[in-house]
Amino acid sequence: MRIDLHAHSNASDGTDSPAELVAAAVAAGLDVVALTDHDTVSGHAEAAGAVHALAPGTRLTLVPGAELSCQVGGISMHLLAYLFDPAEPAFARERELVRTDRFRRGRAIVERCRELGAPISWEQVERIAGDGSVGRPHIASALVEAGVVASVSDAFTADWLANGGRADVRKHETDPVTAVRLVRAAGGVPVFAHPGASKRGHTVSDEVIAALAEAGLAALEVDHTDHDEPTRERLRALAAELGLLTTGSSDYHGGRKTVRLGEHTTDPAVYEALVAQATGAKPIGG
Ligand code: AMP
Ligand code: FE
Ligand code: FE
Ligand code: ZN
């Protein structure tokens, strides 16, 4: 069983459509893939349709999910949520709040980039983002198009879009303890995404992780491309101490990142344990 529980489509800042992501998951030899777009479930229906339309004999299980933008003590962090009821109003409202503020903040970032001499426009960013939950990676692609930087990752530096960078503007992000409770109340299973991704900015303390565990966190995403081996060992020890499961996933973004689908995977027993905790939705297909 090859299980990848973290992937983005163009419903947020990935480049594959949800249907293309399903096809890519089959091509990568995955048995299970989770669709976890930032602050949105708008790709779920298309991905589910693509799973149902797979040729006979081709099997893939889709885990509908999302990755919620959170912030605690000024530190941004991401919470993965699986198999929640997308119609549950409190969590749906919170996703909507974050998505709406992404537009205000996106315009402000474009304005900052222009003040700093980058010839990009909001219309260009809107074209790149399409219907996707708009974010810094779309603005990064605009900076690449304009020849300001050579690659999306080159846009995530202090000069431009990195956390605290010259053109970074904060967005509304949910308190993570509140977020964990919202996900559970919607029947979902919350997992802390890349908790040790220090190259993106400050990471939260073990005390915060302990508080999240207390609030109902299910697991830490340990095997992730942004974690070096000592970080993984430290997180595995912390998870054991706090009674949390550990997952591994690619955080695939199509062409916007170099990581491949299935580059990191989750243990089947852990996957089964996560699914057993969910009451808001069921895995699709497979
Ligand atoms: P936003 O959600 O708009 O705040 O942007 C955060 C997103 O930017 C993350 O989900 C990643 O996809 C991407 N990102 C963050 N740091 C980097 C980086 N160093 N290189 C490439 N992409 C990054
Ligand atoms: Fe992303
Ligand atoms: Fe993330
Ligand atoms: Zn992600």
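Our structure's up above, just so we're on the same page.
Residues numbered from 1 in each chain as written. Chains lettered and ligands numbered in written order. Predicted model: local features only at pLDDT ≥ 70, side-chain atom pairs only at ≥ 80, totals over all residues. Heavy atoms only, no water.

Moving on: the pattern of salt bridges. In the structure shown here, the tally under the stated rule is 15 salt bridges. Residue glutamate 115 is joined to arginine 112 by a salt bridge in which the shortest nitrogen-to-oxygen separation is 2.8 Å. Here arginine 112 and glutamate 115 lie together in helix H3 (residues 89-115), a separation of three residues that amounts to about one turn. A salt bridge links arginine 236 to glutamate 229; the nearest nitrogen and oxygen atoms lie 4.0 Å apart. In this structure glutamate 229 comes out as partly exposed when scored by relative accessible area, which is 42%. Look at the salt bridges and you will find they share partners, linking Lys199, Arg200, Asp226 and Asp251 into a network. (Salt bridge = Lys/Arg side-chain N within 4 Å of Asp/Glu carboxyl O. Helix = DSSP H or I, 4+ residues; strand = E, 2+ residues; numbered from the N terminus. Buried < 20%, exposed > 50% of the residue type's maximum accessible area, 1.4 Å probe, protein only.)

With that out of the way, let us pick up the pairing of strand E5 (residues 189-193). With five of five residues buried, E5 lies mostly within the body of the structure. Burial of the side chains of E5 extends over both faces: Val189, Val191 and Ala193 are buried on one face and Pro190 and Phe192 on the other. Where strand E4 (residues 75-82) lies against E5, five bridges are found, and the strand directions are antiparallel. From the neighbouring strand, leucine 79 faces E5, where its bridge partner is phenylalanine 192. Sheet topology note: the E5/strand E6 (residues 219-223) ladder contains two bridges and is parallel. Bridge assignment links valine 191 to a residue of E6, and that residue is alanine 219. Note that the unit made of E5, helix H8 (residues 206-215) and E6 has a crossover that is right-handed. (Pairing = 2+ DSSP bridges. Right-handed = clockwise from strand over helix to strand, strands pointing away.)

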